[in-house]
Every structure is written in structure tokens, then in C-alpha cells.
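Examining the three-dimensional arrangement
So you can see what is in the structure, the chains are spelled out below.
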Amino acid sequence: MKYAKKDAKAYARSHMKGIWAAALMPFKPDLSMDEEGFRSNVAHWTGELGIDGLFIAGKQGEFFSMSLDERKRSFELAVAACEGRGATIMSCSDQNMDVVIELARHAQKIGADYIVVHAPVLHFFKAQEETIFNYYKTIASKVDIGIALWSHPDSGYLLSPELCNRLADIENVVAIKYSVPRPMYQELTRLAGDRILVSTASEEEWFDNIVELGWQLYLCSSPPYLLQSATDRRMRTYTDLAFAGRIEEARAVRDSLNPVRAALHRTRPLEKPQAHQKYWQELLGQAGGAVRPPLLPLTDEERAATGRAFEACGLKVTPRQAVG
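Residues numbered from 1 in each chain as written. Predicted model: local features only at pLDDT ≥ 70, side-chain atom pairs only at ≥ 80, totals over all residues. Heavy atoms only, no water.

**Points about the packing of helix 4 (residues 97–110) against helix 5 (residues 129–142)**
What counts, and what does not: What counts as an axis is a line fitted to C-alpha atoms, over the stretch in contact for a helix, and the angles between N-to-C directions run from 0 to 180 degrees. Elements are defined by DSSP. Helices are runs of H or I of four residues or more, strands are runs of E of two residues or more, and each kind is numbered from the N terminus. Note on convention: the crossing is left-handed when the near helix lies turned anticlockwise from the far helix by less than a right angle, right-handed when the turn is clockwise. Throughout, a residue-residue contact means that at least one pair of heavy atoms, one from each residue, lies within 4.5 Å. By the convention adopted, Pro, Cys, Tyr, Trp, Phe, Met, Ile, Leu, Val and Ala count as nonpolar, Lys, Arg, Asp and Glu as charged, and the other residues, Gly among them, as polar.
Their axes nearest at 10 Å, the elements helix 4 and helix 5 cross at an angle of 35°. The way helix 4 lies across helix 5 gives a crossing that is right-handed. In this structure, helix 4 contributes M97, V100, I101 and R105 to the contact, and helix 5 contributes Y135, T138, I139 and K142. Residues of the contact of helix 4 with helix 5, tallied by class, amount to five nonpolar, one polar and two charged.

**Digging into the pairing of strand 2 (residues 53–56)**
As a reminder, the rule being used: Here the term buried applies to any residue with accessible area under 20% of the maximum for its type, exposed to any over 50%, and partly exposed to those in between, with areas from a 1.4 Å probe on protein chains only. Here, a strand pair is defined by DSSP locating no fewer than two bridges between the strands. Seen with the strands pointing away from the viewer, any crossover whose path from the first strand over the helix to the second strand runs clockwise is right-handed.
Taking every second residue as pointing to the same face, both faces of strand 2 are buried, with G53 and F55 on one and L54 and I56 on the other. Relative to strand 2, strand 1 (residues 18–22) runs parallel, the two sharing three bridges. Bridge pairing in strand 2 places A21 opposite L54. This β-α-β element, strand 1 to helix 2 (residues 35–48) to strand 2, shows right-handed connectivity. The handedness of the strand 2 to strand 3 (residues 87–91) crossover, carried by helix 3 (residues 68–82), is right-handed.

**Notes on the side chain of Q128**
In this fold, Q128 is placed in the loop between strand 4 (114–118) and helix 5. Look at Q128 and you get buried, because its relative accessible area is 18%. Those residues within four positions of Q128 in sequence are excluded, and the remaining contacts are L122 and Y157.

**A closer look at the environment of P259**
For P259, the location among the structural elements is in helix 12 (residues 258–267). Residue P259 is classed as partly exposed on the basis of its relative accessible area, which comes to 44%. The spacing of P259 and V116 is 143 residues in sequence and 32 Å in space, taken between C-alpha atoms.

**Considerations on the packing of aromatic side chains**
Selection criterion: Any pair of Phe, Tyr and Trp rings, taking the six-membered ring for Trp, is counted once the centres come within 6.5 Å. Such a pair is stacked with planes under 30 degrees apart, edge-to-face with planes over 60 apart, and tilted for the rest.
Per the stated rule, a full pass over the model turns up 12 aromatic pairs. For the ring pair F55 and W150, a centre distance of 5.2 Å and an interplane angle of 85° mean the geometry is edge-to-face. In this pair, F55 sits in strand 2 while W150 sits in strand 5 (residues 146–151), placing the two residues 95 residues apart along the sequence. With a centroid separation of 5.8 Å and an interplanar angle of 50°, the aromatic rings of W206 and Y218 are classed as tilted.

The following block contains the structure:
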């Protein structure tokens, strides 16, 4: 770690900025981790695309299909590949508290910048707030590394802005990935924006959140490496323009990506987000690879429809990159 626990919030405020992406993990045909493909992706993302940080082994990365050793290995690969180029935040989410803490301590030991922990699924609870407060307080007491909260409907409930405001007082809670309706994250920004970095995974809302809420962090999903190529870095461009206060220029660049967004959304089968995104990566020349069971692969028809949409969406890709 590059900071002491007591300095976690200040360090994050100074360093946790810009565009962060949630990494998909490429798997080989035999379903083993494609380590070389992952390293190549990280080099491309943090180098040619200018992505500032990577979210490792989250739901996009199929952590639920990985062993504990594989999750630790993915952390190690990311730290080594990002060294000197980008920051890392490791997803330690798990239903087992001991696993969360073991992964958090491993992330801290190997030099990750931060961790993120999803709010747990609490199947039988009619109310969750005090339990959730105790959950994050316990994790924070076991490690020094900066922690990002993560609230998403997948848990079966959402953390309220008021609860997140209480959690923001924990010494090493530094950020939140808040996948909630906009009024909720607006309220949390008002309540706790001076103590934690508030963000959400929606790229479509990122520009407005820079301009209207003063956000400094996109945390995060796959658009930073699906909407861009080495020769077409429009998300990076509109982000930098917005940060510089050149709002109308930024808005025009943001809006120019609408055909790419529409192509991605229109062709994505409801049950196959990882498989679809991995194929889109391959069309961009990145390592995509297989998905692990129980996730479903694309059919030939779905691949063909995605390829046609990709060709027509206006994303500039050099011939040497295109492999699809």
C-alpha cells in the first residue's frame, strides 16, 4: 500500500480519479484463465485507451466461477500488469465473510490500491441497515486498505443514502459504486461527497455527473474498453473536455457515441452479457475468450448480428486490430 489507513480518504481523493473499467477475464477454450490475453488487455486498456484504473474480479469478470486461488491470481496479474500505468481496485465480494477478509488481506499484501465489497445477499431479512453497517465496519477493522462500498439491486435491497452517509465515517471507506436511481446518488453526493467518492456504473450518466455533481470518478463497467479503440478514444476525450470545463465540446463528443451505445445494447442477449461483451472485445482485437458455465455462449446467429452492428456503428478500428 502507498498510504496509511488514516490517510486512505485523502489518498483516494487525490488519486482515485478519471475513468475506471471493470475487467472481463478471458478464458481459453479449455476454460483455464488466459493470463497472456489478460496481460495484453491490461496493457491496451491502460496504455492505448488511457484508462486510469481497473476493477478486477467483479461480476463482469466471472468471479463466481473462480476458485479462491484463481481470484488471488487475477489480483496478482492485475497489479503486475498495471504497475506504472494504472491503478487497481480488487473485488473481494463473497457471501462468506472469511473469504472477503482473506481476499482483502491478499489485495493489501500484493500492493493493490483499493478493494471493493458488494453488499451481501441477506435472504431472510426484512430490514438490513444495522447488519450492513456492522458488516462493513467489521471488514474495515480487519484491513488498512481503502474500501469501496458497492450497492446494486442484485442484493435484493439497496443501501439508503442515509446508511451510506454513516458508513462514510469509517476511516478507510473511500468510495462507493452506487448502482441506484439517480435521485439516490444525488442525495448521497450531497450528504457525504466530502468524505467518500460517489460513482455509478452507467456510462450514459457519466458526463452529466461530472457537470452537474462535480464527480471525479467513473467506477465502473466495461464501456471504457468497448466504446473505444486505439484510434477512437471518444470516452477519454469527452471526459477530459468535461473536466476542463469545455462542456459543449464534451457534450458533442459524448453524443457522437450514441450509435455505438445503441449497437451494443441492441445486440446484447438478456442472459449473455459476458459472452456478448467478450465477442465485442474480439471484434476490437482484444482477448475475449470463452465464458465459464453456467454462463451461456453466443449462438452463431447472435455473433453474426453483433458483427453486423459493430461494422455499422461508426467506431473507428484499424485493420490490424480487427479480428472478428
